[in-house]
Amino acid sequence: MMPLTAQDKEKILSYLETRLEPKVYDTWCRSLELEPAGDNAYRVPTANPFYRDWLEKLLRKPLEDAFSNLFGRTPDLVFQVNASPAFVEAPAGRSAAPAAALPATPEPPPVIPDFVYNPNYTFDNFIEGPSNRMGFAAAVAVSENPATLYNPLFIHGGVGLGKTHLLQAICHAILQRNPSAKVLYLSCEDFVNGYIYAIQKKTLEAFRSRYRNADVLVVDDIHFLADKEGSQEEFFHTFNALHMAGRQMILSSDQPAGDIRSLTQQLLSRFRSGFEARIMSPAYETRLAILRGKADARRVEVNQDVLGYIASIVETNIRELEGALTKVLGYAALAKRPVDLQLAQEVLRETPAPLPASLSIAEIQQAVARYFHKKVSDLHSRRWTKSTSQARQICIYLCRKFTGTSLEELGSHFGGKDHTTMLYSIRKVEKLLTKNASIRADVERLTREITGK
Ligand code: ADP
Ligand code: MG
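Chains are numbered independently. Their residues run from 1 in the order of the written sequence. Here chains are named by letter from A upward and ligands by number from 1 upward, in the order in which they appear as written. Under the rules for a predicted model, residues below a pLDDT of 70 receive no local features and side-chain atom pairs below 80 are neither given nor counted, while totals for whole chains, interfaces and linings still include all residues. The basis for every side-chain value is the complete set of non-hydrogen atoms in the structure, without hydrogens or water.

A.B. asks: Just to check I follow, could you spell out the sheet that holds strand S2 (residues 41-46) for this structure?
C.D. replies: Each strand in a sheet pairs with another by means of backbone hydrogen bonds, the pair being arranged parallel or else antiparallel. We treat two strands as partners when DSSP finds at least two bridges between them. Elements are defined by DSSP. Helices are runs of H or I of four residues or more, strands are runs of E of two residues or more, and each kind is numbered from the N terminus. The three strands lie next to each other as S1-S2-S3, forming an open sheet whose pairing is mixed. Each edge of the sheet is formed by a strand with only one pairing partner; in this case those strands are strand S1 (35-36) and strand S3 (76-81). When S2 meets S3, the two strands line up parallel, connected through six bridges. Paired with Ala41 across the strands is Asp76, a residue of S3.

The following block contains the structure:
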C-alpha cells in the first residue's frame, strides 16, 4: 500500500472534521498518523495502550467511512502502541491515564510523570507577539528556574489564546532539562472530579499525596473552581503545602483571578502572590505569523494573500484561526482546486462568527423580539406584515451568524420552515445590509446587545 499523499490526508481530515465533535476532532485528529502496513492496511500509531483503546473506539468507524466514501475502499486499520510519544491531551476527565512514553533516559530508569501532553505545544512552536509577550517571557523564565521567580505563575486570557499551549510548553521544557522532575499537569476539572471521587471512595490521603509530591504542579483552567467551595478549600491546602516545600505552581484561567466567581479571599491572595500575566488577542501581524507557522508545520505552501485574508477575518481566537486554515486546505483538497484567495473567500464567507459563550437561538429570538417590539411567537408564525417578516429575517440571519446552526435545523426553530426559506432570509438581510443604513444600524445594535460587546 502506498503512503497517503498529503492531499489524501487532508481529505480524510476534512471528512472527519465534518463528522466529529469539534473538541474530539481537535484533540485526537490533528496529529493522527496513518502508516502503510502491507496490502490494503494502515497502522495508526498511538502513545500507549489507553490511547490505543480510546482511539480505536472513537475513530475506527469514522475512518472506515472516510476511506470508503472518499476512495471507495475500506482498508484494515491497525491501532498500535508506538514507542514514541505520538499523542496529545487526554480526553476530559482522564488525566490519570497512563502517561505518554518519555524520551528514554538510560540511567536511572525513566521516571514517567503523570502527565499527558500535546507534543506540538512547545516554546519553539509558540509565536511571540505584543499580545502574549509577558506570558511567554514569564513561562520561559519559570521553565528555566522553577520555584525561584514567579510562584505561582498565573496566566489568564480569553479562550483559544494559547494558555494551554504555554502551560504544556513549560512542562516540556522542564522535563527536557530534567527528565526525572515530577511534573504534574492536569485540568482543574480533573482536580475537582478527583477530589469528589476521593471523598466518595475515602481515598483522600492518596489523592492528597499525589499532588503534594509534585515538583511542579500545573493546573489548567483554574476558573473551574468558581462556586466550588469544597474544592477551593482542598486546593488551598495543596497550594500551601507545595508553596512551603518550595515547589513551582503554574495556573491558567480564562479570567483574572479577581473575577473568578466566589473565589475565597485566601485563595485569591495566594493566586496573586506570584506573577499574573495576561494574554490578549493577537494583532493582525501576530495572527499572520501564527498562520504562517501552522502552514509551515503542515508543510504546505500557502500564499501570503490567502493567509492575510484569513488573518483579517478571524480576529480573536487562535484555535478558530487554525480551524479556518484547515477548512480552506481541506476544501481545496476535496475540490481539487488551488489554494488561492478566491477559494479562501468562498469557503470562509460561510463561516459563522465565533459563538459567544452559551448564546442560544432562544436568547437571540428574545433579544430580536424585544428590540422590534414583537412577540417571540411572531417570529415563528407565518404572519406577513412587512415589519414582522423583516424582524424574522434579521433574527434568522443573526441566529445563523452567531450559532452556526445548519439551515435545516434553523428552520425548525422558526415554525418549521424549510432550509430554502432560511437561506432566502439570510441572503435578503445580507443584501439589505449593503444598501440600507437603518437596517445596518439595527443589526449592529442587536449584535452588540446579543454579544454583550
Ligand atoms: P487556550 O488554552 O488559551 O484556550 P490553546 O493553548 O488551546 O488556548 O490554543 C489554541 C490553539 O492555538 C492551539 O492549537 C495553540 O497551539 C494555538 N496557539 C495559540 N497561541 C499561539 C501562538 N502564540 N503561537 C502558535 N500557536 C498558538
Ligand atoms: Mg486551554
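There's plenty left to go through after this.
A.B. asks: I keep staring at helix H12 (residues 318-335) and nothing clicks. Help me out?
C.D. replies: Note on helix geometry: an α-helix contains 3.6 residues per turn, so any two residues three or four positions apart are oriented the same way. The terminal C-alpha atoms of H12 lie 26 Å apart, and with 18 residues this matches the ideal 26 Å at 1.5 Å per residue to within 8%. Here the term buried applies to any residue with accessible area under 20% of the maximum for its type, exposed to any over 50%, and partly exposed to those in between, with areas from a 1.4 Å probe on protein chains only. Listing the buried residues of H12 in full gives Ile318, Leu321, Glu322, Gly323, Ala324, Leu325, Thr326, Val328, Leu329, Gly330, Ala332 and Ala333. Among the residues of H12, the N-terminal cap falls to Asn317, whose side-chain oxygen and the backbone nitrogen of Arg319 are separated by 2.7 Å. At the C-terminal side of H12, Lys336 shows a positive phi close to 50 degrees. A helix is expected to span 1.5 Å multiplied by its residue count minus one. Each polar contact in these results corresponds to two N or O atoms within 3.5 Å; when the atoms are within protein, one needs to be able to donate a hydrogen and the other to accept it, and residues that are neighboring in sequence are counted only if both atoms are side-chain atoms.

A.B. asks: Just to check I follow, could you spell out the packing of helix H18 (residues 419-435) against helix H19 (residues 437-451) for this structure?
C.D. replies: Packed helices, taken two at a time, are described by the angle their axes make and the gap between the axes. The N-to-C vectors of H18 and H19 enclose an angle of 115 degrees; their axes lie 6 Å apart at closest approach. By the angle between their axes, H18 is roughly perpendicular relative to H19. As H18 runs across H19, the sense of the crossing is left-handed. Taken together, the residues of H19 that come into contact with H18 (itself represented by Leu432, Leu433, Thr434 and Lys435) are Ala437, Ile439, Arg440 and Val443. For this classification, Asp, Glu, Lys and Arg are treated as charged, while Ala, Val, Leu, Ile, Met, Phe, Trp, Tyr, Cys and Pro are nonpolar and the rest, including Gly, are polar. When the residues that make up the contact of H18 with H19 are grouped by side-chain class, the tally is five nonpolar, one polar and two charged. Think of each axis as a best-fit line through the C-alpha atoms, taken over the contacting stretch in the case of a helix, with angles from 0 to 180 degrees between the N-to-C directions. An angle below 35 degrees is treated as roughly parallel, one above 145 as roughly antiparallel, one from 65 to 115 as roughly perpendicular, and anything else as oblique. The sense of a crossing depends on the near helix, which, turned anticlockwise from the far helix by less than a right angle, makes the crossing left-handed and, turned clockwise, makes it right-handed. Should any heavy atoms of two residues lie within 4.5 Å, those residues are considered in contact.

A.B. asks: Sorry, what's going on with unusual backbone geometry here?
C.D. replies: For residues that are not glycine, phi is negative in most cases, and the peptide bond is trans in most cases. Residues Asn151 and Pro152 are joined by a peptide bond in cis, for which omega reads 5 degrees. Examined against the element boundaries, Pro152 turns out to sit in the loop between helix H4 (133-144) and strand S4 (153-157). One non-glycine residue, Ala147, adopts positive backbone phi at about 60 degrees. Secondary-structure assignment places Ala147 in the loop between H4 and S4. With relative accessibility at 29%, the residue Ala147 sits in the partly exposed group.

A.B. asks: I keep staring at the site of ligand 1 and nothing clicks. Help me out?
C.D. replies: Near residues are defined by distance, with any heavy atom within 4 Å of the molecule or strand qualifying the residue. Within the structure, ligand 1 sits among 18 residues, and Ile127, Gly160, His165, Arg319 and Glu322 are positioned closest to it. Between ligand 1 and Lys294 there is a distance of 3.0 Å, counted from a nitrogen atom to a side-chain nitrogen or oxygen. A distance of 2.7 Å is found between an oxygen atom of ligand 1 and a side-chain nitrogen or oxygen belonging to Glu322. We get accessible surface area from the Shrake-Rupley algorithm with a probe of 1.4 Å; when it comes to residues, only the shown protein chains can shield them. Notes on ligand 1: free accessible area 560 Å², of which the protein chains cover 94%. Listed by contribution, the elements that provide at least two residues to the shell around ligand 1 are helix H5 (163-177), helix H10 (284-297) and H12. For the shell around ligand 1, the per-class residue count stands at seven nonpolar, seven polar and four charged.

A.B. asks: It is not clear to me how the sheet that holds strand S8 (residues 275-279) should be interpreted in this structure. Could you clarify?
C.D. replies: What the five strands build is an open sheet, ordered S5-S6-S7-S4-S8; its pairing is parallel. Of all the strands in the sheet, just strand S5 (183-187) and S8 have a single pairing partner and so form its edges. Ignoring strand direction, the axes of neighbouring strands in this sheet form an average angle of 15 degrees. In the sheet, S5 pairs with strand S6 (residues 216-220) via five bridges, with the strands oriented parallel. In the strand pairing of S6, Ser187 is matched with Asp220.

A.B. asks: Explanation requested: the pairing of S2 in the structure shown.
C.D. replies: Burial runs high along S2: six of the six residues are buried. Burial along S2 is two-sided: the residues Ala41, Arg43 and Pro45 and Tyr42, Val44 and Thr46 are all buried. Pairing between S1 and S2: two bridges, direction antiparallel. Bridge assignment links Pro36 to a residue of S2, and that residue is Tyr42. Between S1 and S2, which pair antiparallel and follow one another directly, the connecting turn spans four residues, one of which, Gly38, has a positive phi of 75 degrees.

A.B. asks: What am I meant to see in the pairing of S4 here?
C.D. replies: One face of the sheet, then the other: side chains in a regular strand alternate in exactly this way. The buried fraction of S4 is high, at five of five residues. Here S4 shows no split at all, with Leu153, Ile155 and Gly157 on one side and Phe154 and His156 on the other all buried. Pairing of S4 with strand S7 (residues 248-253), which is carried by four bridges, proceeds in the parallel orientation. Paired with Phe154 across the bridge in S7 is Leu251.

A.B. asks: I tried to follow the packing of helix H11 (residues 304-313) against H12 on my own but got confused; where do I start?
C.D. replies: Put simply, H11 and H12 touch, their axes get as near as 10 Å, and they point 135 degrees apart. Compared by their axis directions, H11 and H12 come out oblique. As H11 runs across H12, the sense of the crossing is right-handed. From H11, Leu307, Ile310 and Ala311 reach across to H12, where they touch Leu321, Ala324, Leu325 and Val328.

A.B. asks: Where do I start with the pattern of salt bridges in this structure?
C.D. replies: One side chain can pair with another of opposite charge once the charged atoms of both are near each other. A side-chain nitrogen of Lys or Arg and a carboxyl oxygen of Asp or Glu constitute a salt bridge if their distance falls within 4 Å. One pass over the structure, following the stated rule, counts 14 salt bridges. Between Arg60 and Glu56 there is a salt bridge; the shortest N-O distance is 2.7 Å. Taken together, the residues Arg60 and Glu56, both in helix H3 (residues 49-71) and four residues apart, mark about one turn of the helix. Judged by relative accessible area, which is 28%, Glu56 ranks as partly exposed. Ionic pairing is found between Arg337 and Glu346, a salt bridge with its closest N-O pair at 3.2 Å. Residue class for Arg337 comes out partly exposed when judged on its relative accessible area of 29%. One network of salt bridges, with partners in common, ties together Glu56, Arg60 and Glu64.

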